[in-house]
Amino acid sequence: MASILARPPEGSGLKPVIGEPGPPYIGNTLRTMRRPFQVARERYAQFGPVTWSWLLGQRTVTVQGPEAAEQVLVNRDKAFANGPAWSYFIGPFFHRGIMLLDFDEHLHHRRIMQQAFTRPRLHAYMDMMAPSIGESLDAWRPGPGFKVYDHVKQLTLDLATDVFMGVSLDRAEADRINGAFIDAVRAGTAYVRFPVPGLRWHRGVRARKVLEGFFRAHLPAKRRDGGDDLFAALCQAETDDGHRFTDDDVVNHMIFALMAAHDTTTITLTTMAYHLARHPEWQERLREESRALGRPVLEFADLDAMTGIDMVMKEATRLVAPVPALPRRTVKDTAILGHHVPAGVTVVVPTLTNHHMPEWWPDPERFDPERFSPERREDKVHRYAWEPFGGGAHKCIGLHFAGMQVKSILHQWLLRYRWSVPAGYEWPLDTTSLPSPKDGLPVRLERLETTG
């Protein structure tokens, strides 16, 4: 039965937010997580772009479409806070990461962290990545049933520890850290949100302790010796007025950055691999683009020339947004598209489903990288129609690093291998946490005769 979230103030001229909340606490959680696209269309048709429900134990307002997304993400009246919203989901596991800070404190930390993502730093990271990418790809074993997701996740974690930490880990230690990150990320969408042994939340709490111990053990050497990696950059970063990160700051930001770097890149590359397997004409088009470059490894100056990879990457992040939802908490009464939203409510911008709205994207389920070509630029229909990196003050600080990493990996991958899936194959996408294929995306991997 439809109900209103709260009555607007008398004389405000605002409309109430209407929704179908479902049972308290559980509400529409299971339906939304398991069938997000279907639920989004149903609710948009029934209630419009601003609606409310119970999700994961919270009164949650969901805003669909770029106009509502812009109001929330740009946050002109400072009514929406990141910290309280994200902390509910991942706070115990990614405590005080850059995404969990707000307003002046967020700006202060972002100014320091920006020193780790300058053009010279990005250039150095790219140079550091190239050999590790090649070594990881060369270790792949061609054949049927090769699981793309598992191999790409291992590759991106290895890159994150090399490039972000500048340390070498043996396989057992790398697997231990990878497992901790998986447990920490999955804990955010736990149904039981207290530490019952054996359940997601408990595993996430233990994972946080593992990660803290890992980074604190390496921190003194990074403070002392420096280096070209992100860990060293955060230890050395300093604003013009002399502000630097504390040890706690560095540990918190490293845990968050390592998670953000390898999980989102894994999802993007896996989505690209899936669609390139189903559309071999695009795979060959990108392979020819890489061969035409005449270099086995991308250089920093080559990034802008990889226009085919760029279009496929953008289409992949449209079809499967690596961060499927951007939550905020209202810190005062506000309005969204003329609807009254009271203080203390979670507001969610559902990037995963917003990118599939036919009102903004023609034939939205079709893989069509050309929609991002200079001639079409369908994403320009509204500045927030395509928002995989968020927007406003909290727009992803590592977005240029992410694009650089994806292009570097895919370039070397295309030159080494061809991959395919059986006709008619459709992946079973798991959307209960960060989106990933339930079957790991099995492909037939074939090694090419030349890498040049």
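What you see is a predicted model, and the numbers here were worked out from it, not measured in a lab.

## Let's talk about the UniProt feature "binding site: heme" (unreviewed entry) in the protein chain
At step 1: The positions UniProt marks with the feature "binding site: heme" (unreviewed entry) are C396.
At step 2: With respect to the helices and strands, the residue C396 is situated in the loop between α14 (351–354) and α15 (399–416).

## Notes on the sheet that holds strand β15 (residues 442–447)
At step 1: Across the sheet, which stays open at both edges, the three strands sit in the order β7-β15-β12 with antiparallel pairing between neighbours. If you trace the sheet from one side to the other, it starts and ends with β7 (143–147) and β12 (417–420), each paired once. The mean angle between the axes of side-by-side strands here comes to 45°, regardless of whether they run parallel or antiparallel.
At step 2: Where β12 lies against β15, four bridges are found, and the strand directions are antiparallel. Bridge pairing in β15 places R418 opposite E446.
At step 3: Contacting β12 and β15, α15 crosses the sheet at an angle of about 90° to β12.

## Here we look at the nonpolar core
At step 1: Core analysis: the biggest nonpolar cluster contains 122 residues, and V61, F94, L410, W413 and W419 have the highest contact counts within it.
At step 2: Top contributing element to this core by residue count: helix α11 (residues 247–278), with 16 residues.
At step 3: Look past the residues within four positions of W419 in its chain and what remains in contact with it is A273, L276, A277, Q283, R287, L410, W413, L414, V443, R444 and L445.

## A word on helix α13 (residues 307–319)
At step 1: Counted at 1.5 Å a residue, the expected span for α13 with its 13 residues is 18 Å, and the 18 Å between its end C-alpha atoms agrees.
At step 2: Counting buried positions over the 13 residues of α13 gives eleven, a clear majority of the element.
At step 3: Looking at the packing, one finds that the buried side of α13 touches α11, α12 (280–293), α14 and α15.

Conventions used here
Residues numbered from 1 in each chain as written. Predicted model: local features only at pLDDT ≥ 70, side-chain atom pairs only at ≥ 80, totals over all residues. Heavy atoms only, no water. UniProt positions renumbered as here; feature names shortened; annotations may be inferred. Helix = DSSP H or I, 4+ residues; strand = E, 2+ residues; numbered from the N terminus. Pairing = 2+ DSSP bridges. Axes fitted to C-alpha atoms, helices over the stretch in contact; angles between N-to-C directions. Contact = heavy atoms within 4.5 Å. Core = buried A, V, L, I, M, F, W, Y, C linked by side-chain atoms within 4.5 Å. Buried < 20%, exposed > 50% of the residue type's maximum accessible area, 1.4 Å probe, protein only. Expected span 1.5 Å × (residues − 1).

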